[in-house]
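Structural description and commentary
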Amino acid sequence: MKSRKTTAWIALCASTLLAGPALAESHGMALSGDLRIISDMSNPAPRAVMEGMVADFGEMHPDLNIELTIVDREAWKTQIRNALGANPPDVVNWYAANRMLPYVNAGLFADVSDLWEEPAFEALASTKGAMTINDAQWGVPYTYYQWGIYYRKDIFDELGLSEPTTWEEEKANCQAILDSGRKCYTIGTKFLWTAGGWFDYINSRTNGYDFHMQLARGEIPWTDDRVRQTFANWRELIDMGAFIDDHQTYSWQEALPFMVNGEAASYLMGNFAVAAMRDGGLTDDQLDFYQFPKIAEVDYAEDAPTDTFHIASGAQNMDAAKEFLRFVVSTENQTKINAGDALGQLPVNANAEIGDDKFLQQGFDMLSNNASGGIMQFFDRDFPAEMASFGMEGLQEFMVFPDNLDDILARLEDARQRIYK
Amino acid sequence: MFPTPIEKRSRAAQLSYQSLLPLALILWLLPLLAVANFSIKPESDFVNGNYWGLPSSFDLFANYGRVFFESNMPRYLLNSLLITIPTVIGAVALSAMAGFALGVYRFKGNLLIFFMFIAGNFVPFQILMVPVRDLTIDMNLYDTKTGLILFHIAFQTGFCTLFMRNFIRALPFPLIEAARVEGVAEWKIFWYVVLPLMKPALAALAVLIFTFIWNDYFWAVVLTQGPDAQPVTAGITEFNSQFRAAYHLMSAGSIVAALPPVAMFFLMQKHFIAGLTLGAVK
């Protein structure tokens, strides 16, 4: 009898969730027992955010005993399977899209499609695709950030250039920049992943989001002509000398000085680069952002790595876990945890407010309104780990020795046939 | 006498020595100097590519201030002390006793046990990573200082015993025999005769183990996580955010973390020298 009452309470609460904190007291009545959370938000700022969320949630539900374990972010990538396998916690952190595929297939994540049917979840539409596998949703997002081309507005102004929207304009801009004795793009491929960003964009702009995802899932051979077209487009830039020299020796941070000192005009990077560039002395007048231009007639797909919460299928306190997920995605919480003094990223909830920052605002607008192709999670998250590591090595090699393309693609195809078996 | 003291060599040799020594010293200290230089730079220098030049502004107080007052560094330093000191005491005490037993008594298997201690030193500890981690988890010692201490003691005792046993072997055995003739109990021989003679060895070993354990990174990363148990070597990475490496703060943190072993060396230098010359000037 009591449990039925509880369920009724939850249903009631859920339907009125949008009303927000005014109902916090009544939520508290419903939940009791233990809620075990393992989080990978181990860096100082995210850690404070996670602890803050648990404190807030705990305040709303005083009878609930929340046990939070924060695990090192890197270590969690190898520990999650163990943690979900034996004596699983109720709620865990993970990543969206193909990264969650193994855990969904192994039945370790709980299906949370019922949450996504609630009206409050309509505000999360931009990532619904990334949370969907087999027509069901398996978790909720709490933050993401945009990728795109950050450029030196002062250099563009000096050369009379404007933000390009097509590949032809992009190349024309680049030629003008090269003619002025600068490089078009800075990049540091020492740790490989930065090249993945270029591939994501050129491939999805050339062949579309669906093709890119099929490739990521191993359904398309690397030697496919459409993949070759992607590399051919990329090669146009490489042959122009658009990228800085010796980029394979720099980390992404070490490639920043080229942009800050004006030796390169732009940087395809995630929004986290802005803080570093500002530290380097670039003002918001000198720095601006544009969406990666169109190449073929396909919808814009954007890289926006999404961090997520999931419920373990073996969760002991399913009611509390679901309520916690509702709390995570609520407009108020998303605004709070993504604010400049917390994570400093984009809220996924379209109703959330974002800080007074032109890059966050442009990114939020781009992802909410102009990413109809879909949201990619970035090369090393969309592709299975092993394929991603082979793939990124190949991409780096291609950027340095574009003539090796046949060899590289054959190698990647070999890897694909072995890895996706 | 080899090597010939530099004062007795030709003038040319002296000159080249005097000019090469500072050069070699600078070369050798370059990484340290770079870290020291990094630690007083503002973050913007790294974004601007000013790695090796002079700092654009002098941020010693800002950087070290953040290390001491706005991070978990003090806590990590305390953890390091709480891990290192018990380990030094434990490893030295155990190995002094084991070394005494192996060095003084003749019994079956003496040599075998001694060889096992030596052989233990040849096991690369990386291959123990997985079993040791599982063991600490099963014993509920994962992510605790106790777990790290116990493991360090167990692992260091092998090397320490080798050191101690050989040192005790080199002591004049008649001292022990004389005490036995007087009817002194064995533990009293250890405590009143052997241990005082071992002081230089104890001091040298303590300094050595202190630096080993203080500088340990591998096990700190494998067996602990977070500021509750992690020592300073692993904790330094906390200055990195998810996307960016804070070189200036990590450098400042590294310098702070490196000070205790250096201080330890200077404080115990006398014992080091005593230990080195003990056999020579008799």
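Quick caveat: nothing in here was measured; it's all calculated off a predicted structure.

**Description of the overall build of chain A**
Scanning chain A from terminus to terminus reveals 20 helices and 13 strands. Since a compact globule built from 421 residues should have a radius of gyration of about 22 Å, the 22 Å found for chain A is in line with a globular shape. Along the three orthogonal principal directions, the C-alpha set of chain A runs to about 75 × 50 × 35 Å. Contacts spanning at least 24 positions in sequence make up 75% of the contacts within chain A whose residues lie at least 6 apart. Counting every atom, chain A has about 16400 Å² of accessible surface; 48% of that belongs to carbon and sulfur. A gap of 5 Å separates the mean positions of the 32 positive and 63 negative side-chain charges of chain A.

**Structural notes on the state of the cysteines**
Residues and elements named next belong to chain A. Taken as a whole and assessed by the stated rule, the structure comprises one disulfide over all chains. Cysteine 174 shares a disulfide with cysteine 184; S-S distance 2.0 Å. Since a negative S-S torsion denotes a left-handed disulfide, the cysteine 174-cysteine 184 link at about 90 degrees is right-handed. Remark: cysteine 184 occurs in strand 8 (residues 183–185) and cysteine 174 occurs in helix 9 (residues 167–179); sequence separation between them is 10 residues.

**Considering the interface of chain A and chain B**
Each side of the interface is counted separately: chain A has 25 residues, and chain B has 19 residues. Applying the counting criterion to the chain A and chain B interface returns one salt bridge. The interface formed by chain A and chain B includes four residue pairs in polar contact (both at pLDDT 80 or more). For the side of chain A that touches chain B, the element with the most residues is helix 14 (residues 272–279) of chain A, which contributes five residues.

**Quick notes on the domain arrangement of chain A**
Residues and elements named next belong to chain A. Considered domain by domain, chain A is made up of domain 1 (2–145 + 305–369) and domain 2 (147–303 + 384–419). A separation of 32 Å is found between the C-alpha centroids of domain 1 and domain 2. In this assembly, 10 residues from domain 1 lie in contact with 16 residues from domain 2. Buried area between domain 1 and domain 2, both sides added, is near 1300 Å², and the carbon and sulfur share of it is 59%. Of all residues in domain 1, Tyr145, Phe359 and Met366 bury the most surface against domain 2, accounting for 49% of the area lost on that side.

**Thoughts on the side chain of glutamine 146 of chain A**
Residues and elements named next belong to chain A. Within the element layout of this structure, glutamine 146 appears in the loop between strand 6 (140–144) and strand 7 (147–152). There is a polar contact of 3.4 Å between the side chain of glutamine 146 and the side chain of tyrosine 150. From its side chain, glutamine 146 meets the backbone oxygen of phenylalanine 359 in a polar contact 2.9 Å long. Leave out the neighbours within four places in its chain, and glutamine 146 touches Met269, Gly270, Asn271, Phe289, Asp303, Leu346, Phe359, Gly363, Met366 and Leu367.

**A word on the sheet that holds strand 10 (residues 287–290) of chain A**
All names here are of chain A. Here four strands make up an open sheet; going across it, the order is 8-9-7-10 and the pairing mixed. Each edge of the open sheet is held by one strand with a lone partner, namely strand 8 and strand 10. The average undirected angle you get between the axes of adjacent strands in this sheet is 25 degrees. Relative to strand 9 (residues 264–270), strand 7 is paired through five bridges, and the arrangement is antiparallel. Across the sheet, residue tyrosine 150 finds its bridge partner in strand 9, namely tyrosine 267. Docked against the sheet, helix 9 engages strand 7, strand 8, strand 9 and strand 10, running at close to 140 degrees with respect to strand 8. Packed onto the sheet, helix 10 (residues 193–207) meets strand 7, strand 8 and strand 9 and runs at close to 90 degrees relative to strand 9.

**Notes on the domain arrangement of chain B**
Residue and element names in this part refer to chain B. For chain B, the assigned domains are domain 1 (6–65) and domain 2 (69–277). Using C-alpha coordinates to define each centre, domain 1 is positioned 31 Å away from domain 2. Contact with domain 1, which involves 11 residues of that partner, is made by 10 residues of domain 2. With both chains or domains summed, domain 1 and domain 2 bury close to 960 Å², and 68% of this area falls on carbon and sulfur atoms.

About the cut-offs
- In this convention, every chain numbers its residues from 1, walking through the sequence in written order.
- Chain A is the first chain written and ligand 1 is the first ligand written, with later ones labelled in order.
- Where totals are concerned, whole chains, interfaces and linings use all residues; where local detail is concerned, this predicted model gives features only for residues with pLDDT of at least 70, and gives and counts side-chain atom pairs only at 80 or more.
- The side-chain numbers reported here are obtained from all heavy atoms of the structure, hydrogens and water having been left aside.
- Helix numbering and strand numbering both begin at the N terminus, where a helix is a DSSP run of H or I of at least 4 residues and a strand a DSSP run of E of at least 2.
- In this treatment the radius of gyration is a C-alpha quantity, and the globule benchmark scales as 2.2 Å times the residue count to the 0.38 power.
- Contact between two residues is taken to exist if any of their heavy atoms lie within 4.5 Å; hydrogens are not considered.
- Computed with a 1.4 Å probe, the accessible areas rest on the Shrake-Rupley method; for each residue, only the protein chains presented here act as cover.
- Neither His nor the chain termini are counted; the positive set is Lys and Arg, and the negative set is Asp and Glu.
- Taken as the charge location is NZ of Lys, CZ of Arg, CG of Asp or CD of Glu.
- Count a disulfide wherever a pair of cysteine sulfur atoms falls within 2.5 Å.
- By definition, a salt bridge exists where a carboxyl oxygen of Asp or Glu is found within 4 Å of a side-chain nitrogen of Lys or Arg.
- What qualifies as a polar contact is a pair of N or O atoms within 3.5 Å, subject to a donor-acceptor requirement within protein and to the restriction that residues adjacent in sequence count only when both atoms come from side chains.
- Boundaries of every domain are those given by an automatic assignment or by a domain database.
- Once two parts are brought into contact, the accessible area they lose, counted with a 1.4 Å probe and summed over both, makes up the buried area.
- Here a strand pair is declared whenever DSSP counts at least two bridges between the two strands.
- In this analysis, axes come from line fits to C-alpha atoms, helices being fitted only over the stretch in contact, and the angle between any two N-to-C directions falls in the range 0 to 180 degrees.

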